[in-house]
Amino acid sequence: MRVIIAHDPANVAQTCAELISEQLQLKPCSVLGLATGSTPIALYKQLVSRYQAGNMSFLGVKSFNLDEYVGLSGTHPQSYRYFMQQHLFDHVDIRAKQTEVPLGQVEPSKECIRYEKAIVQAGGIDLQILGLGANGHIGFNEPSSSLVSKTRVKTLTPATMAANARFFDKNEYQPELALTMGIGTIMRARQVVLLATGTHKAKAVQAMIEGPVSAQDPASILQFHERATVVLDADSAGLLKQYEYYQWVEEVRKRTNLNEFVLGQSAS
Ligand code: F6R
C-alpha cells in the first residue's frame, strides 16, 4: 500500500486530482470508479477547475459510482446521482450516457446484476476513488461484509445512518438500504485511490493500514490490493504508527525519481 500524507485536505484533493490526471494522460478512455460523501467534494472541485482551465478532458471517460440509496430516484437531492451531477458531471465534458450510478428505483436484484455486467462490459475499472467510513466501510460495505462480495443491497449501520443524517432534513425519509459495489468488485479495479481527512477518520485509517485484514474492517482488504494508494491529511494520519516511515518513503521516491514499476506500491 502506498501511503501519501499530504499537509491538509486541499493538498489531499490536489494529490488525488494529480493521480487521476496521470491516469487520463496514459489512457484518455479510462473507466473511473467514483465516490460520493463530503471528502471527495474538494477533489471534484479540483477536477472541474482543471477542466475549465483546459488541462483535463473527460470526453472519453466512462464512470461507475460506488453506491446509491435504495428507493431514491436520480432527481432526489439526496441521491448520489444528484450529488455527482451537482459536483462533477454537470461541469465537465463527460458524456451523460457514459456515467453510471446504480439505479435506486429499479428492482434491486436485477439492478445489481446489471451493474456488475456493465462494469465487466466496460473492460473493468481502471482507477477507483474511495472514501472511508469512520467504521471502516468502503462503498457501503459495512463491517461484516463479505470480502469477495459483488454489487448488492446492504443495510446501513445505525452509525452510518447517523453520520449521513446531516444531508437529510429533520423529517425527511432517510433510506436504510443502499445498493453498493461489493468489496470483490472494488478489488478488481486496476488501481485504487482512497482519500481520508480529519481526526474523526484517524482510527479507521490506522486500522485499515496497520491493523489485521478482517471483514470487521472492510477497508483493510486494500492491504491485499496490488496497486492501492491512500492519500491522507495530517489529521487522519495522526494515529499511524509508521507515520514518519511513510513520509520517508515518499521523500525517497521523489529524490530517487524511481517510477512505480521499480519502486512498487508498497511502503515496505
Ligand atoms: C460514498 C461512499 C462512502 C463514503 C464514506 C465517507 O459513495 O461510498 O463509503 O466514502 O461514508 O464519507 P465522507 O466522505 O462523507 O466522510
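Calculation notes
Residues numbered from 1 in each chain as written. Predicted model: local features only at pLDDT ≥ 70, side-chain atom pairs only at ≥ 80, totals over all residues. Heavy atoms only, no water. Helix = DSSP H or I, 4+ residues; strand = E, 2+ residues; numbered from the N terminus. Rg over C-alpha atoms; globule rule 2.2 N^0.38 Å. Buried < 20%, exposed > 50% of the residue type's maximum accessible area, 1.4 Å probe, protein only. Contact = heavy atoms within 4.5 Å. Areas by Shrake-Rupley, 256 points an atom, 1.4 Å probe, with all protein chains shown as cover. Pairing = 2+ DSSP bridges. Right-handed = clockwise from strand over helix to strand, strands pointing away. Near = heavy atom within 4 Å. Polar contact = N/O pair within 3.5 Å; in protein donor to acceptor, adjacent residues only side chain to side chain. Core = buried A, V, L, I, M, F, W, Y, C linked by side-chain atoms within 4.5 Å. Salt bridge = Lys/Arg side-chain N within 4 Å of Asp/Glu carboxyl O.

## Here's the deal with the overall build of the chain
Broken down by element type, the chain carries nine helices and ten strands. Taken over C-alpha atoms, the radius of gyration comes to 18 Å for the chain, in line with the 18 Å a tight globule of 268 residues would show. For the chain, the C-alpha atoms occupy an extent of roughly 50 × 40 × 35 Å along the three principal directions. Relative to its 268 residues, the chain shows a buried fraction of 53%. Contacts spanning at least 24 positions in sequence make up 78% of the contacts within the chain whose residues lie at least 6 apart. When the accessible area of the chain is evaluated, it comes to approximately 12,400 Å², of which 55% is carbon and sulfur surface.

## Overview of the pairing of strand β10 (residues 228-232)
Within a regular strand, the side chains alternate between the two sheet faces. Burial runs high along β10: five of the five residues are buried. The two faces of β10 match: A228, V230 and L232 on one face and T229 and V231 on the other face are all buried. Pairing analysis gives four bridges linking strand β1 (residues 2-5) to β10, with the strands arranged parallel. Bridge pairing links I4 to V231 in β10. Here five bridges tie strand β9 (residues 191-196) to β10, and the two strands are oriented parallel to one another. Within β10, the residue paired with A196 across the bridge is L232. Handedness of the β9-helix α7 (residues 202-210)-β10 crossover: right-handed.

## Quick notes on the environment of F224
Residue placement: F224 occurs in the loop between α7 and β10. Separated by eleven residues in sequence, F224 and V213 have C-alpha atoms that sit 8.5 Å apart. With near-sequence residues (within four places) excluded, F224 lies in contact with M187 and V213.

## Examining the site of the ligand
Around the ligand, the structure places 14 residues, and the nearest of them are T39, D67, H137, G139 and K201. Interatomic distance of 2.7 Å between a side-chain N/O atom of D67 and an oxygen atom of the ligand. With respect to the ligand, the side chain of K201 contributes an N or O atom lying 2.6 Å from an oxygen atom. Calculation on the ligand without its partners gives an accessible area of 410 Å², and the protein chains cover 93% of this total.

## Here we look at the nonpolar core
Ranked by internal contacts, the top residues of the largest apolar core, which has 73 residues, are I209 and L240. No other element matches helix α1 (residues 9-26), which puts seven residues into this core. With residues up to four places along the chain from it excluded, the contact list for I209 reads M1, V3, Q223, V230, L232, L240 and Y246.

## Some words on the pattern of salt bridges
A complete count under the given rule lists eight salt bridges for this structure. A salt bridge links E250 to R2; the nearest nitrogen and oxygen atoms lie 2.7 Å apart. Pair noted here: E250 is in helix α8 (residues 243-256) and R2 is in strand β1, with a separation of 248 residues, a long-range link. With respect to class, E250 is no different from R2; both count as buried.

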